[in-house]
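Here is what each chain is made of, one letter per residue.
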Amino acid sequence: MADFGEILRTIGEFGLFQQLTLIALCFPNLLQPFVFGSFLFIQSDPERHCNTDWILQADSNLTTEEQLNLTLPREEDGTFSRCQMFVPVEWDIGAIREYGLNETTGCRDGWDYYDTMYDATIVTDFDLVCDKANMVEVTQTVLMAGILVGSTIFGPFAESFGRKRATQISVVLLFTFTVTSAFCPNVYLYFASMFIVGIGSGGYRINSIILTTEWIGPSKRSWGVCVAQLFGAFGQCVVAGVIYIIRDWRLFLLITAAPRAVVVIYIWFIPESARWLLSRGRTEEAKQLIVKAAAINKHTVPDSLLNNIAVKDVGNKGGIKVIFRSPVLTKYFLIITLSWFSLSLSVFCMYFNMGNLGLSIFVTQVLFGAVEVPAHILCMWLLEVFGRKILFVATLLSGGLCCILVLAVPQGYAIAVTALAVTARFFLVSGITICNVFVQELFPTSVRQTATALGAMSGRVGGLLAPLLNILAVYHWAIPTTVFSSVTLLSGALCLLLPETRSKDLPESADEAENNRDETSTNETSCSNQQSTKL
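To keep things clear, this report deals only with the structure shown in the data block. In this text, all values refer to a predicted model and were calculated from it rather than measured experimentally.

Another aspect to go through is the nonpolar core. Counting 125 residues, the largest nonpolar core has I122, Y190, I336, F392, F443 and L498 as the members making the most contacts within it. Excluding anything up to four places from it in sequence, F392 contacts I336, S339, L343, G431, I434, C435, F438, C495 and L498. Residues I11, F17, V301 and I309 belong to the second largest nonpolar core, which totals 19 residues.

Quick look at the structure:
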């Protein structure tokens, strides 16, 4: 019987078929950072005052200065109040000038904004100021919650209905509700739309990576994750330029939706995972895709090989129970989820706190975004040179160490603190990429999607907890850094218990995932070759 690893070696482990599939599935990741644009590129506390045009009914010839003097109270520093106004009255202008207004109230008719960096933002369109100022953070939480739900839902969904179907639904959700968000008349509908955008975003990221890597052979498997992450890194650089040119958040969302419309069209032609089809007993469909892939790669598949394809785990539909029935897989799962959680917690804690690192927040943002590109590029090479285990442990320990060293630097040394933070981000982002590769190679096909989705979900939980952890800085500024650094260092130490998976075929069953995983990287390739010879 021939397993899928031998099939890939015959049709090409990373031929034109895999390259086209990889680019097609990675392109939407270029647009993933754009979902944050509508609430990241804002002025959270813009210059403003209450709209007091009611007084123009008494005298339409008032100058702006006269109107503000008559209708707005002043703060202690002499400036006009940004959240209060005098209660409107039905007096004539003479009485208002003579007696003045004393009773104040909140802004009744909205605000007038001025000296803003942008033409329109969700803050100015939905008046997210004064007592509604925390709505911006609520928006961020809603989107992250949607991503968490998407990661949770689409993992098991893909195991039952296929990687391709889950990817298609995610893309449609992203496109539809990105457009809907641009036309929302109030903040509550905007919350609902962004929640569903988050679901689509979380579902797509997980499924697209799985669908890609299950078609790629062991020699280039890490490219499936690294290229996807690399597209996302470039997207972070592009989004700032797009926002700089387009200062209207609604127009920005519509322009973002345009390339998504192209994705919605071509995503229906993406091939399903042949591994998944074989695991579900749909052998004929898998054979058709294998023949198609071989033709595009300019290879031929012997009939003897096709007729002897091994159909594995067809009866094993235990879902997540497959993991927890095995002590070995349970150990792998707990270590990977803790690592993913600690990486995301550290990355988001630093990201949300970058304004307090000392340098300009704009400079820090550029550095944080730019450092991801070399991190992902190096991962593509280093994963094949040093393997998964050593590199994963090294990035976790190095990232955690750089984070905790920030505490040793005096607070006045902004350049040193920022340099350590940027270096830490380099290692942590690399660790997330390696984690995406590692989790797919540790678990069998029947639960690979579920394990990856649950791992990503633990990362999303880390992202949700990051702002709450940063709040603890009010008790002592070192508490957040100490906590997330310690968790990262702990997870790095525990990863020493994981096996090396470099150059090994993806396991099709729980038995394959448990066995032959303790050899050193020196013996792995020879073992793999011996198994191929036996087949």
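From this point, things continue past the structure.
On to the packing of helix α2 (residues 16-31) against helix α10 (residues 221-245). α10 packs onto α2 with a crossing angle of 35 degrees between their chain directions and a minimal axis gap of 7 Å. Considering only the axes of α2 and α10, their crossing is right-handed. Touching L22, I23, C26, F27, N29 and L30 of α2 are W223, G224, V227, A228, F231, G232, F234 and G235, all from α10. Each residue belonging to the contact of α2 with α10 can be placed in one class, and the counts come to ten nonpolar, four polar and no charged.

What follows is about the packing of aromatic side chains. As enumerated under the stated definition, the model contains twelve aromatic pairs in all. Aromatic side chains F154 and F157 sit 5.9 Å apart centroid to centroid with 70 degrees between the ring planes, which places their arrangement in the edge-to-face category. One end of the pair is F154 and the other is F157, both in helix α7 (residues 135-161) and three residues apart, which spans about a single turn. Exposure remark for F154: the relative accessible area of 6% places this residue in the buried category. Ring geometry for F157 against F161: centres 4.8 Å apart, planes inclined by 35 degrees, an arrangement best described as tilted. Pair noted here: F157 and F161 are both in helix α7, with a separation of four residues, about one helical turn.

What follows concerns the pattern of salt bridges. Counted according to the given criterion, the structure contains seven salt bridges. A salt bridge links E284 to K287; the nearest nitrogen and oxygen atoms lie 3.8 Å apart. Note that E284 and K287 are positioned in helix α13 (residues 283-296) at a spacing of three residues, about one turn of the helix. Exposure remark for K287: the relative accessible area of 17% places this residue in the buried category.

Here the focus is α13. Across its 14 residues, α13 extends 20 Å between first and last C-alpha, which sits within 8% of the 20 Å expected from 1.5 Å per residue. Those residues of α13 not exposed but buried are T283, A286, K287, L289, I290, A293 and A294. The buried side chains of α13 occupy one side of the element, clustering within an arc of 165 degrees when seen end-on. For α13, exposure combined with an orientation more than 90 degrees from the buried face picks out E284, Q288 and A295. Residues of α13 that are buried in the fold lie against α1 (4-11), α2, α12 (274-279) and α14 (303-306). Count one or two residues on from α13 and you reach K298, which has phi positive near 60 degrees.

It is worth spelling out the side chain of T21 at this point. Relative to the helices and strands, T21 resides in helix α2. At a separation of 2.9 Å, a polar atom in the side chain of T21 contacts the main-chain carbonyl oxygen of F17.

Before going further, it helps to spend a moment on unusual backbone geometry. For D115, which is not a glycine, the phi torsion comes out positive at approximately 55 degrees. In this structure, D115 sits in the loop between β4 (111-113) and α6 (122-126). Overall, D115 belongs to the exposed group, its relative accessible area being 64%. With phi around 60 degrees, K298 is a residue other than glycine that occupies positive phi space. With respect to the helices and strands, K298 occurs in the loop between α13 and α14.

The rules we used
- Residues numbered from 1 in each chain as written.
- Predicted model: local features only at pLDDT ≥ 70, side-chain atom pairs only at ≥ 80, totals over all residues.
- Heavy atoms only, no water.
- Core = buried A, V, L, I, M, F, W, Y, C linked by side-chain atoms within 4.5 Å.
- Buried < 20%, exposed > 50% of the residue type's maximum accessible area, 1.4 Å probe, protein only.
- Contact = heavy atoms within 4.5 Å.
- Axes fitted to C-alpha atoms, helices over the stretch in contact; angles between N-to-C directions.
- Helix = DSSP H or I, 4+ residues; strand = E, 2+ residues; numbered from the N terminus.
- Left-handed = near helix turned anticlockwise from the far one by under 90°.
- Nonpolar A, V, L, I, M, F, W, Y, C, P; charged D, E, K, R; others polar.
- Phe/Tyr/Trp six-rings, centres within 6.5 Å; stacked < 30°, edge-to-face > 60°.
- Salt bridge = Lys/Arg side-chain N within 4 Å of Asp/Glu carboxyl O.
- Expected span 1.5 Å × (residues − 1).
- Arc of directions from axis to C-beta.
- Polar contact = N/O pair within 3.5 Å; in protein donor to acceptor, adjacent residues only side chain to side chain.

These figures come from the coordinates and say nothing about function on their own.
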